[in-house]
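Letter by letter, the chains look like this.
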Amino acid sequence: MIYLLLLAALPQIAVSASYPVVADPQVPVPGLLNATKVELFDWMNFTDFNPHAFSYAMPAAGASPQGWCKIVLVVECRCTEGRQFDRSVMLSIGQSFLFFGTTSEPVSDQGPDWVVTTDVTDFSAMLLSAAANHSGVIELDSTVTPVYTGVISCKSHLDFFPASEPLYPKPRVPHTVVGLGNAQSQLSTEISFPAFVAFSEVYLSLFVQNQHDDEFYWSCLPTNLSGLVGTCGQGSVRFAQVFVDGELAGLAPSFPYIFTGGIDPDLWLPIPGARTLNIVPLRVDLTCFAGILGDGKTHTLNVSMAPVYNDWWVLGGSLFGYIDPQVKATNLVSNTLPAAYRAAETVISSTLVAGRDNSLQGWANVSYSIAGACTATVDRDESPETTVAAAVNMTFFNRQLYNSSGSAVSRESYSSSTVLQHMEFATETAITAAPSAGVPAVKTASTLRFPLKVVQKLFPDPQNQSQTNQFTLVEQAFGSSTESTRGGTPEFAAAVEVAVASQDTVVIDHSSSVRGVNQASTGRFTFADSDGSCWERVVESRNSTVVSTATACEALSWKSRPIFGGSEHRQSRPAAGAVDAPLGKAAPVRSPRKPVEPSQPSRFSRLA
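Residues numbered from 1 in each chain as written. Predicted model: local features only at pLDDT ≥ 70, side-chain atom pairs only at ≥ 80, totals over all residues. Heavy atoms only, no water.

A. Quick look at the overall build of the chain. Counting secondary structure elements, the chain contains 4 helices and 31 strands. Contacts spanning at least 24 positions in sequence make up 77% of the contacts within the chain whose residues lie at least 6 apart. By element, 52% of the accessible surface of the chain is carried by carbon and sulfur atoms, the whole surface being about 23200 Å². (Helix = DSSP H or I, 4+ residues; strand = E, 2+ residues; numbered from the N terminus. Contact = heavy atoms within 4.5 Å. Areas by Shrake-Rupley, 256 points an atom, 1.4 Å probe, with all protein chains shown as cover.)

Now the structure itself:
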């Protein structure tokens, strides 16, 4: 098995002049337009576990006569040199979650600084409404002590880019935005609108992040096997469930984030794990339930983790609604997802065998799959009735291999473990009408792929009898692809993959001092869409210093959304005309996280 190494401090190491370094692009913006800058807050220090409030004032009326074509949130953070854990950063305005990320850990003689940009154009209805709640909060729980000396500071602003026909048109954005706040593992709120709302589409934009006891959930084994390895139990299957009035209405997969303090901090210097600094929200299609959510009554929206409950996941998001004045009613016809969840089982197989002298050999496999769909009919004025069908298919597989012999202090001791995990999450939404109506079918298919490989080996140093080496390799990727067709003819396609591969060897001597050697990492970001936008960049580091950056393509249209794997202006459904969107209400939800330091019950821990 892999032995925990909980050490007092890391040695001073040489890091690139500026870190962290990523291959990801910043949000593309209209290059010929001057943005209207709205300050949210200047440099704030985060040294406690209290939310920090700020004020948001929307741009002045008339600042852009044709409206705004894009809105970008800019968050800049830094940390002083010393010691500090990675921390979660959550920024919201009026209960709407605009940004979720984590911080980069400092080293003893140098602190990180970084800038993250996020496309928040979808929040236009809230950001540009004088009647909306514009109180802002940034939550960054941290502590500064004689041990944890690094001080984290951040500042933020919004850039509003003016629309100007025909080159910079206003995009199609949700007509109404309802912020749900954030909570730990169980997000529940009541939603209501003052009267009937003719929703044509409804989506939940959802953040799902693993923390604390479940930070390394991908290393967890079924409870009956976890004792053999000394790792966490309850298995490795994790995903979010979305309920409308108690009925399972949608699912969202979990991405195995590994933060900059995870396993071995040297792995993430200077290139952090995939998506770590800027966590991307997942979109859950709730259009089948549009008639229920928009009927003018109060409804409960609940999000929770499954198939096992754990108190250390952060959930947050917003409800987006598109309105079509011609919609008279959306009627839920069927929903097979609840029955599919009840029937789904976690399949476990194992050859793990524990022997004498702490030896362990074998493997353990865990797999899980679920598929379901909902349908609804949509009645419109002067248009044929259409049917909306939304299907989801999730498959998960986790394989863990172990080979260890000897004791922790024996010269003959050797231990290795490998985790191979893959999550695939496919959705398809189809809008069809009766053949006699002559309306072409519109289909949108999307797939998320989250592969992960983690290898750890603990073995005696062949060159020095008093030293032990711990080798770690991590390969992870966030892949997303989408394709839209109309009448069977391809209309739009896009794909993005964010991949990071990193390895490091930690040398531990008899006095328990450590030093990292042979660190190497590669970060890759690849994006392309059928409109001709593309981005492909590879960054490589050796011994915590960037040695190469190669860019094969950086032709991004301002309309493209490479972070989300799509285009801002590509919508498979017809845009509605101008509407007067009512403001929905949600009961405020913000569940404070427990102000304690990380302590993971897993062999994958922090070399802190």
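B. The pairing of strand E12 (residues 239–244), seen in detail. The buried fraction of E12 amounts to 6 of the 6 residues, a majority that puts the element mostly inside the structure. Of the pairings in the sheet, the one linking E12 to strand E15 (residues 299–306) comprises 6 bridges and is antiparallel in character. The residue bridging Gln-241 from the neighbouring strand is Ser-304, located in E15. When E12 meets strand E13 (residues 247–253), the two strands line up antiparallel, connected through 6 bridges. Bridged to Phe-243 within E13 is Leu-248. (Buried < 20%, exposed > 50% of the residue type's maximum accessible area, 1.4 Å probe, protein only. Pairing = 2+ DSSP bridges.)

C. A look at the pattern of salt bridges. Across all of its chains, the model carries 12 salt bridges by this definition. Close ionic contact of Arg-561 with Asp-119 constitutes a salt bridge, the shortest N to O distance being 3.3 Å. Of this pair, Arg-561 sits in strand E29 (residues 560–561) while Asp-119 sits in strand E6 (residues 113–119), placing them 442 residues apart in sequence. Note on Asp-119: relative accessible area 7%, which makes it buried. (Salt bridge = Lys/Arg side-chain N within 4 Å of Asp/Glu carboxyl O.)

D. Here's a closer look at the packing of aromatic side chains. All told, the structure shown has 18 aromatic pairs when counted by the stated rule. An angle of 80 degrees between the planes, with centres 6.4 Å apart, marks the rings of Phe-239 and Tyr-341 as edge-to-face. Here the residue Phe-239 occupies a position in strand E12, and Tyr-341 occupies one in helix H4 (residues 337–343), the gap between them amounting to 102 residues. Assessed through its relative accessible area of 0%, Phe-239 is described here as buried. Residue class for Tyr-341 comes out partly exposed when judged on its relative accessible area of 25%. Put simply, the rings of Phe-255, Tyr-257, Phe-450 and Phe-478 touch in pairs and so form one group of aromatic residues. Positioned above the aromatic ring of Tyr-203 is the side chain of Arg-283, whose terminal nitrogen or guanidinium carbon lies 5.2 Å from the ring centre. When the ring centre of Trp-363 is taken as reference, the NZ or CZ atom of Arg-399 above it lies at 4.8 Å. (Phe/Tyr/Trp six-rings, centres within 6.5 Å; stacked < 30°, edge-to-face > 60°. Lys NZ or Arg CZ within 6 Å of the ring centre and 35° of its normal.)

E. Region of interest: the environment of Thr-545. When you line up the elements, Thr-545 lands in strand E28 (residues 545–555). The exposure class assigned to Thr-545 is partly exposed, which follows from its relative accessible area of 33%. Residues Thr-545 and Gln-519 lie 26 residues apart in sequence; the distance between their C-alpha atoms is 9.2 Å.

F. A look at the environment of Trp-363. With respect to the secondary-structure elements, Trp-363 resides in strand E20 (residues 360–380). Judged by relative accessible area, Trp-363 falls into the partly exposed class, the value being 26%. Ignoring any residue separated from it by four or fewer positions in sequence, one finds Trp-363 in contact with Ser-349, Ser-350, Thr-351, Leu-352, Arg-399, Gln-400 and Leu-401.

G. Spatial organisation of the state of the cysteines. Enumeration according to the criterion identifies 4 disulfides in this entry. Across the disulfide from Cys-77 sits Cys-154; the S-S distance is 2.1 Å. Across the S-S bond of Cys-77 and Cys-154 the torsion is about 105 degrees, and the bridge reads as right-handed. Of the two residues, Cys-77 sits in strand E3 (residues 68–79) while Cys-154 sits in strand E8 (residues 152–162), which places them 77 residues apart along the sequence. Taking relative accessible area as the criterion, Cys-77 reaches 3% and is therefore assigned buried. Taking relative accessible area as the criterion, Cys-154 reaches 0% and is therefore assigned buried. Here Cys-79 stays unpaired: no disulfide links it, and the sulfur of Cys-154, its closest cysteine neighbor, is 9.5 Å away. (Disulfide = S-S within 2.5 Å.)

H. The sheet that holds strand E1 (residues 36–46), seen in detail. Reading across the sheet, the 4 strands line up as E1-E8-E3-E6 and stay open at both edges, with antiparallel pairing between neighbours. Each edge of the sheet is formed by a strand with only one pairing partner; in this case those strands are E1 and E6. When strand polarity is set aside, the average angle formed by the axes of neighbouring strands in this sheet is 15 degrees. Across 11 bridges, the pairing between E3 and E8 is antiparallel. Bridge pairing in E8 places Arg-78 opposite Ser-153. (Axes fitted to C-alpha atoms, helices over the stretch in contact; angles between N-to-C directions.)

I. Fine view of the pairing of E3. Most of E3 sits out of view: 10 of its 12 residues are buried. In the sheet, E3 pairs with E6 via 7 bridges, with the strands oriented antiparallel. Residue pairing for E6: Arg-78 is matched across the bridge by Asp-113.

J. Quick look at the sheet that holds strand E14 (residues 282–285). Spatially, 4 strands are ordered E9-E16-E11-E14 in an open sheet, and the strand pairing comes out antiparallel. Each edge of the open sheet is held by one strand with a lone partner, namely strand E9 (176–184) and E14. Neighbour-to-neighbour, the strand axes of the sheet open up by a mean angle of 20 degrees, direction not taken into account. Inspection of the sheet shows strand E11 (residues 199–210) paired to E14 by 4 bridges, in the antiparallel sense. Along E14, the bridge assignment pairs Ser-205 with Arg-283.

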